[in-house]
Amino acid sequence: MSTKNNEISFIYRKGFDIHFIKCRNLKEKRFNAKKLKELTLWKLDFCDTDKPLLITEGEIDQLTFEEQGINNSVSIPAGVSTLNWIETDYEQLEQFSEVIIAYDNDKAGKEGTAKLIKRLPSDITIKIVDYGEFKDANELHLAGEKLQNIIDNAKEVDDELFIKMNELDISEPIKRFSTGSLFFNRSIGGIRSGEVNIWTGIPGSGKSTILNQIMLNVMEQGVKCLVYSPELLDKQYKRWTCCQLLKDVKGSFKKYYDNVLEQDVFYVKKEISDKMSKWLDRGLRYITGDKSFTDKEILRIIIKEIKRSDVKFVVIDNLMKITFQDYQNLYEEQKIFLNKLSELAKKHNISINLVAHPKKHNKDEPDQFDIAGSSNIPNLVDNIFYWRRITTRCLESDYWKNKAEKYEEENISTLMIALKSREGEKIGQWVEFCFDVSRKSIHHYTESPKHLQNWVNPEQQKITLADDDIPEWD
């Protein structure tokens, strides 16, 4: 429709709901837009899931295909680097058996195609059109060419077995996530994408605490995370997580009298936890602990959330809570499971973190092969971090008594040792931490605790478009 500003408007709907309005000036290629809800594909509701779905880079390209009778087509809402629409439309995309990508024949279009391929549902056949010497569908159309020909000759995408060395850029560092502690980052080299990490130690040693704390720091960095933690009730997990997000303890808790314990207990106030929940729901995919899953089900969930939600950081707490269907060959099944996790981490450049309990061992001098389960586990992961809690009884032993004065003075209660590390500087050396009881958090004894801030104003956090995408109007 033409507006008083001499523009044509594209109305992005999902069902009867308007999600996005995008306007293009009729005289020059200039856009502005208003986002009302989550981004979605233009005209997806009009497409037949029994036919191949054609995804174009813009509304004009979609209209061009439509003009030549190719109607099962859609347009992305913004630039090729913006993929937020996938999460909105993922369930509908799963219903198609074939998708044809028709992005522009330029550098941005090719890079966007490569990113989209990784995010589309796994069971879909993916094809790519070849415009030849032309830039896009509109140029082909104006040249008098039949667009059906490029559809018929679209090439199917296959996983490449080999890769050329000149395609690998090593001038930039591997993607790393901060743990929230500079000392810890330098000790283990940060949390790196493409790797599987094991967090181990006896119950109560702090492994789950620090891992969830790191996950919150990763979320603060704008990364989407997935957590499966069936050892805790869902409400217990939320209570623990809300405590870890607290900056100011004073005034944050509500006091209750527990008739069983016959003493006061404290919970984060509802108005504060509600704010935290809004922030958590933006970046955290939390799998309920009420249901048990098999190894294959967990893998399917992880793959789906990598593609749908662009998850980059995965936590499974713990290995013992996963049901392996072939229990008679448990260790072989664990080996296969770890291999699959490793493949996922590398293929999608994500960090996968698995909590595993140790078998009987020497807690003062642990070994990477002390992990309960298959003896192949240490060989199949990239890093192993062992945690232990130091008690008064420990400090009375011959092994630790020379540390007793320092630990009591600095309030050191938790230790970590990297039993295996790809890039860590302190392999085989104990790293010393303090535990904050109120915030349920761990920090290196030389550093002040780091408090996260993004949850304070979650309503101000919007889904942003890429830098080269269209501006929003006021």
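Residues numbered from 1 in each chain as written. Predicted model: local features only at pLDDT ≥ 70, side-chain atom pairs only at ≥ 80, totals over all residues. Heavy atoms only, no water.

Engineer: I keep staring at the pattern of salt bridges and nothing clicks. Help me out?
Structural biologist: Once the charged atoms of two side chains with opposite charge are near each other, the side chains can pair. Enumeration over the complete set of coordinates arrives at 29 salt bridges. We note a salt bridge from Asp17 to Lys37, for which the minimum N-O separation is 3.5 Å. On the criterion of sequence distance, the pair formed by Asp17 in strand S2 (residues 17-25) and Lys37 in the loop between strand S3 (31-35) and strand S4 (53-56) is long-range, its members being 20 residues apart. Judged by its relative accessible area of 38%, Asp17 falls in the partly exposed class. Lys37 gets classed as partly exposed once you look at its relative accessible area, which sits at 36%. (Salt bridge = Lys/Arg side-chain N within 4 Å of Asp/Glu carboxyl O. Helix = DSSP H or I, 4+ residues; strand = E, 2+ residues; numbered from the N terminus. Buried < 20%, exposed > 50% of the residue type's maximum accessible area, 1.4 Å probe, protein only.)

Engineer: Just to check I follow, could you spell out the side chain of Thr179 for this structure?
Structural biologist: Tracing the sequence through the fold places Thr179 in the loop between strand S9 (176-177) and helix H6 (182-188). Within the structure, Thr179 has its side chain in polar contact with the side chain of Asn185 (distance 2.8 Å). Excluding residues within four positions of it along the chain, Thr179 makes contact with Phe184, Asn185, Ile188, Ile191, Ile214 and Asn217. (Polar contact = N/O pair within 3.5 Å; in protein donor to acceptor, adjacent residues only side chain to side chain. Contact = heavy atoms within 4.5 Å.)

Engineer: Teacher, can you tell me more about the packing of helix H10 (residues 295-309) against helix H11 (residues 330-348) here?
Structural biologist: A pair of packed helices is characterised by two quantities: the angle between their axes and the separation of those axes. Relative orientation of the contacting elements H10 and H11 amounts to 5 degrees, with a least axis distance of 11 Å. When the interaxial angle is binned, H10 and H11 end up roughly parallel. Contact residues: Asp295, Lys296, Ile298, Leu299, Ile302, Ile303, Ile306 and Lys307 in H10; Glu333, Phe337, Lys340, Leu341, Leu344 and His348 in H11. Classifying every residue of the contact of H10 with H11 gives eight nonpolar, one polar and five charged. (Axes fitted to C-alpha atoms, helices over the stretch in contact; angles between N-to-C directions. Parallel < 35°, antiparallel > 145°, perpendicular 65-115°, else oblique. Nonpolar A, V, L, I, M, F, W, Y, C, P; charged D, E, K, R; others polar.)

Engineer: Is there a simple way to explain helix H7 (residues 207-220) in this structure?
Structural biologist: The α-helix advances 3.6 residues per turn, and as a result positions three or four apart in sequence lie on the same side. Helix length check: H7, at 14 residues, gives a terminal C-alpha distance of 20 Å against a target of 20 Å (1.5 Å per residue), a fit within 8%. Phi turns positive, to about 85 degrees, at Gly222, one or two residues after H7. (Expected span 1.5 Å × (residues − 1).)

Don't take any of this as a statement about function, it's just geometry.
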